[in-house]
Amino acid sequence: MSALLNLRDVWVEYGDRIIIENLNLDIDAGSFVSVVGPSGAGKSTFLRLILGQEAPTHGKILLDGTPLIPECGPDRGVVFQRYSVFPHLSVLRNTIFGMECAQAPISGRLFGSARRAAEAEAIEMLTAVGLGDSLHLYPAQMSGGMQQRLAIAQALVKRPRILLLDEPFGALDPGIRADMHALITRLWRDYTLTIIMVTHDIGEAFSLGTRVLALDKRRHDPHAPHRFGATAVYDLPLEKKISRAALEQVSITIDELGNN
Ligand SMILES: Nc1ncnc2c1ncn2[C@@H]1O[C@H](COP(=O)(O)OP(=O)(O)OP(=O)(O)O)[C@@H](O)[C@H]1O
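Criteria and cut-off values
- Residues numbered from 1 in each chain as written.
- Predicted model: local features only at pLDDT ≥ 70, side-chain atom pairs only at ≥ 80, totals over all residues.
- Helix = DSSP H or I, 4+ residues; strand = E, 2+ residues; numbered from the N terminus.
- Buried ≥ 20, exposed ≤ 12 C-beta atoms within 10 Å, placed from the backbone.
- Contact = placed C-beta atoms within 7 Å.
- Expected span 1.5 Å × (residues − 1).
- Arc of directions from axis to C-beta.
- Near = placed C-beta within 6 Å.
- Pairing = 2+ DSSP bridges.
- Core = buried A, V, L, I, M, F, W, Y, C linked by C-beta atoms within 7 Å.
- Domains from an automatic or database assignment.
- Nonpolar A, V, L, I, M, F, W, Y, C, P; charged D, E, K, R; others polar.
- Axes fitted to C-alpha atoms, helices over the stretch in contact; angles between N-to-C directions.
- Parallel < 35°, antiparallel > 145°, perpendicular 65-115°, else oblique.
- Left-handed = near helix turned anticlockwise from the far one by under 90°.

In the nomenclature of an unreviewed UniProt entry, the chain is known as ATP-binding cassette domain-containing protein of Novosphingobium mangrovi.

Moving on to the overall build of the chain. The secondary structure content of the chain amounts to 7 helices and 10 strands. For the chain, the residues scored as buried account for 35% of the 260 residues in total. Across the chain, the fraction of contacts at a sequence separation of at least 24, relative to all contacts at a separation of at least 6, is 71%.

What follows covers helix α3 (residues 112–128). An α-helical segment advances 3.6 residues per turn. Residues three or four places apart therefore align on the same side. Helix length check: α3, at 17 residues, gives a terminal C-alpha distance of 25 Å against a target of 24 Å (1.5 Å per residue), a fit within 8%. The complete set of buried residues in α3 reads A118, A122, M125, L126 and A128. Mapping the buried residues of α3 onto a view down its axis gives an arc of 150°, with all of them on the same face. Residues of α3 that are exposed and point over 90 degrees away from its buried face: G112, S113, R116, A120 and E124.

If you check the shell around the ligand, you find Y14, I19, G37, S39, G40, A41, G42, K43, S44 and T45 and nothing else. Sort the elements by how many residues they give to the shell around the ligand and helix α1 (residues 43–51) lands first, with 3 residues.

Turning our attention to unusual backbone geometry. Phi at D9 is positive, roughly 45°, even though this residue is not glycine. If you trace the backbone, D9 turns up in strand β1 (residues 5–14). Although it is not a glycine, D64 adopts a positive phi angle of roughly 55°.

As defined by bridge partners, β1 adjoins strand β2 (residues 17–27) across 7 bridges and the pair is classed as antiparallel. When the sheet's bridge partners are listed, N6 is paired in β2 with D26. Linking β1 back to β2 in an antiparallel pair, the connection comprises 2 residues, with G15 at a positive phi of about 60°. Bridge analysis of β1 against strand β4 (residues 58–63) gives 5 bridges, and the strand direction is antiparallel. Residue N6 lies in a different strand from β4, and its bridge partner there is L62.

Here we take up the nonpolar core. Judged by nonpolar contacts, the single largest core of 64 residues is most densely connected at V35, I50, A153, L164 and I196. For this core, the element with the highest residue contribution is helix α4 (residues 144–156), accounting for 7 residues. Here this core spans two domains, and each of domain 1 (1–75 + 162–260) and domain 2 (85–159) adds at least three residues to it. The contact partners of V35, leaving out residues within four places of it in the chain, are K43, F46, I196, M197, V198, L213 and L215.

For the chain, the assigned domains are domain 1 (1–75 + 162–260) and domain 2 (85–159). Among the elements that make up the side of domain 1 that touches domain 2, the one with the highest residue count is helix α5 (residues 174–190) (5 residues). Residues belonging to the side of domain 1 that touches domain 2 are distributed by class as follows: 12 nonpolar, 2 polar and 1 charged.

An ideal rise of 1.5 Å per residue puts 18 Å on 13 residues; α4 measures up with 18 Å between its terminal C-alpha atoms. Across the 13 residues that make up α4, a large majority, 12, are buried. If you check which residues of α4 are buried, you get G145, M146, Q147, Q148, R149, L150, A151, I152, A153, Q154, A155 and L156.

Okay, the packing of α4 against α5 next. It is the contact of α4 with α5, at a shortest axis distance of 11 Å, that shows an interaxial angle of 15°. With respect to their mutual orientation, α4 and α5 come out roughly parallel. Between α4 and α5 the crossing geometry is right-handed. Taken together, the residues of α5 that come into contact with α4 (itself represented by G145, Q148, R149 and L156) are I176, D179, M180, L183 and L187. Per-class residue counts for the contact of α4 with α5 are 5 nonpolar, 2 polar and 2 charged.

The next thing to look at is the environment of K158. Residue position: K158 is located in the loop between α4 and β7 (162–166). Sequence separation between K158 and Q53 is 105 residues, and the spatial gap between their C-alpha atoms is 18 Å.

Here is the structure:
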């Protein structure tokens, strides 16, 4: 089976600074790749490459065997650490907004049956993330965990195949993080997503991922620290066998999410 994403000899350079060098990776559909590495190694840069926000300086990235167009496509969604929700829109409007921009790029509004269909999809996704009872709240009325669940719904309502997560749970309290781990595991399975998640939490990387990728420099030159970039220094596939009991536990936790 060919991989969903292929990176071939990918380099990113800013001026004379090499950030990423000689990165070669194949990422299978349905995998959950945790990306770890020291601060400044280039983890967010790696996500931006796959999102299409940035093009490699050298090398190529293939999606389904076709060169990735350097623009954000609907097949890729992203959630950042800081809440990316619009403060002046309700939960429901926040979720519909992205669909309106994608489907009606000029007017930014959907009408009639298209709007009703978008609303139904938004409500389904908000229910899936545990916000079905909070459709008319505004972000200022919600906890950090709720806002981050809204950000996930915003990303998933466009039905991406690849979900990119840039330290999505880094700003949350430990208890809420555990709920979010259960949520993302459930969404990954229910929506057959491929997830690539940057995290500084090594426990989170191993407990959620089916593969852990460490980005770091292989070589250092103390006199010219920018001469070498980061690459995949470790790439560990993890055997995951989720028991039925564990999945049922995930379902129970999801049902309790509404109060966080
Ligand atoms: N547009 C840019 N121009 C110049 N340098 C940049 C640019 N974007 C990122 N960098 C540099 O590239 C390096 C990698 O940045 P990146 O944000 O990808 O690292 P990171 O591993 O995600 O870091 P952190 O864990 O601290 O978030 C940093 O040294 C950063 O300063």
